[in-house]
Structure formats: structure tokens, C-alpha cells
Amino acid sequence: MTGARSLRVGLTQWHATRDVEANVEHALAAIRGCAAEEAQLVVLPENGLMLGSNAEMREAAFSEGGDPHLDRIAEAARDNEVVVVVGGLKNRTDAGTFNSALVYDRSGHLAGRYDKIHLFDARIGGQSFEASSVEQGGAHPVIVDVDGVAVGLTICYDVRFPELYRALALGGAEVILVPAAFTRITGDAHWEVLLRSRAIESGAYVVASATVHGDGDEPDAFETWGHALAVGPWGEVLADLGEEPFATKVLELDLEKVGAVRDRLPVLRGVRPDAYGSKIHRSTIAGSATT
């Protein structure tokens, strides 16, 4: 691909549990494995470092400043000379607790952070997921530059809000990350179609690392779907990690295809926010008289 713009991205998946030490070992193995295949960017799943109930995850919240587990991730980024996105974790800060995606550069420095905007308040399969009871929502979208490529950051439930992805695409994002811990029920029904839709609407690559359900010494707090996906800007599935308990795949994303798709279907140039923001006009059609 001499002369072409590209980005080598590591898609990852594993069975995350409440055992932080074991989860961190999975993360380190994923980083090393992807780096060995010359990945420039490795994307770890949401809650990949600790998957429990919301209350358990808040109690075990990490801190981006000086957390020993995150220090190991930062060291792995530095030692393997790769950019690492910790896809989403409970992040305790002076301003409160957020679900944050943390970006570590090749020097192991914290180079970016996205706080999940849309919090997962839902009832699925008899379980109540009230994320807003344990974390705060983020305030704005985030794009980071990785080797000259604009990469948009989102997390899991964000995928149900297309306006966020449109904003990232209009802001120049060519690759959009969706690290997730999608529930097994909603994943089976919606996961692939949502990711493909966001890629098509944005004319961008979508890379969605994921946690997956599995067998362990204790039941999962909730079962997650797996099927970490990478989707091209035309909406084609480039990789699906299925339900493997640990898997990685490095993909070379051809950024020339993003421009080609956006030229072919210039959707972003046709966006008219002024029209959408105006008052909706309604008409009433009278029903037919009956006898």
C-alpha cells in the first residue's frame, strides 16, 4: 500500500470478569499480540478491565492518575510502541466518576480521554441497568489524531445515538471506535445492524472491540455478546470475532476508501441542520365518513 494512507488497528475481545488482575493480563496479551502484527492502534473493550454490576464497578473504579493497573497498560503501550485505547472503564476523577475511554500514546502518556455521553439506563432480560446512578455523562464528542488519521471515540450505548456519529464524521473522523460490553440479548438483536448503520451514515470505518460471555468460577454479572466487529465505510463487515473467549485481529484500514465513499455518496455535504432544527409542520387528514 505504498503511497496510500492507512491505519493498522487491533480489534480485541475477551471474557471479562470481576477479577481485575486476570483482565489486565488479557489486556496486556492483546496489546502484545497486536503490536507483534504491527498494529498502530489497539482498541480494548469497554469494561474489559473489570466487568461486574454497576455498583461493583463503581466500588472498584480506576483512576487515570496513578492507578497501578492503568500504569501497566501505559507501560505496555510504551514497551510495544503502540497507541492503546482502554475502551471504557469507571474512572474516578475530582469532578466525579465517568465511564471513560483513555488513550495512551507510544510513550505511555495519557494523550486523550472521552467520557461516555449516553448512559445505559435500560431494563434488559429482567435486569435493570441504571448507569446514571453510578456515573456521570460526558459533555462533548472527542476526536484524537493517530498518525495523521482522525479517530472518533464513542462507547457502547452511544451507538444508538446516530447524531453523535454524524457530528464526529462532520468533524473529520475517518475511523470511529465503539468499544463495548453489549448485553447478549440486545447484541443478538441489534449489534451488527447498529454498527453497520453508523458506518454507512458516516462513511467511516467503525471498530468495535467487545467483551464476551463465558464460563468462570462465578456467574457473569451480565452476559455480553462478543462478536467484536470491524466495519468498512460502505457498511461491509471486515471482521467478526464471534464468541471466542480471547481473540485479536489486526486490520489495515485503507483511508483512501473513506474519501471514495464520501465522494460517491456525498451524504455529509447534504446535511441540513437548519432544516431539522425548525418546528415540524403537521397536517391532519380527515377520515372518511361512515354510514
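Details of the structure are given in the entry above.
Below or above, wherever it landed, is the structure these notes cover. Model, not experiment: these values are computed from the prediction.

## Comments concerning the packing of aromatic side chains
Item 1. Taken as a whole, this structure holds two aromatic pairs when the rule is applied.
Item 2. Judged by centre distance (5.4 Å) and plane angle (80°), the ring pair of Tyr157 and Phe161 falls under edge-to-face.
Item 3. The exposure class of Phe161 is partly exposed, given its relative accessible area of 23%.
Item 4. Each ring, one from Phe182 and one from Trp191, has its centre 4.9 Å from the other, and the planes form 50°; the classification is tilted. No difference in accessibility class separates Phe182 from Trp191, as the two residues are buried.
Item 5. The residue whose ring lies beneath Arg113 is Phe98, and the NZ or CZ to ring-centre distance is 5.3 Å.
Item 6. Against the face of Trp234 rests Arg264, its NZ or CZ located 4.1 Å from the ring centre.

## Some points on the pairing of strand S3 (residues 83–93)
The side chains of a regular strand alternate, residue by residue, between the two faces of the sheet.
Item 1. Most of S3 is tucked away, with ten of its eleven residues classed as buried.
Item 2. As defined by bridge partners, strand S2 (residues 41–43) adjoins S3 across three bridges and the pair is classed as parallel. In the strand pairing of S3, Val43 is matched with Val85.
Item 3. As paired elements, S3 and strand S4 (residues 96–104) share eight bridges and run antiparallel to each other. Bridging from a neighbouring strand, Val85 pairs with Val103 of S4.
Item 4. Between S3 and S4, which pair antiparallel one after the other, the connecting turn spans two residues.

Definitions and limits used
- Residues numbered from 1 in each chain as written.
- Predicted model: local features only at pLDDT ≥ 70, side-chain atom pairs only at ≥ 80, totals over all residues.
- Heavy atoms only, no water.
- Phe/Tyr/Trp six-rings, centres within 6.5 Å; stacked < 30°, edge-to-face > 60°.
- Buried < 20%, exposed > 50% of the residue type's maximum accessible area, 1.4 Å probe, protein only.
- Lys NZ or Arg CZ within 6 Å of the ring centre and 35° of its normal.
- Helix = DSSP H or I, 4+ residues; strand = E, 2+ residues; numbered from the N terminus.
- Pairing = 2+ DSSP bridges.

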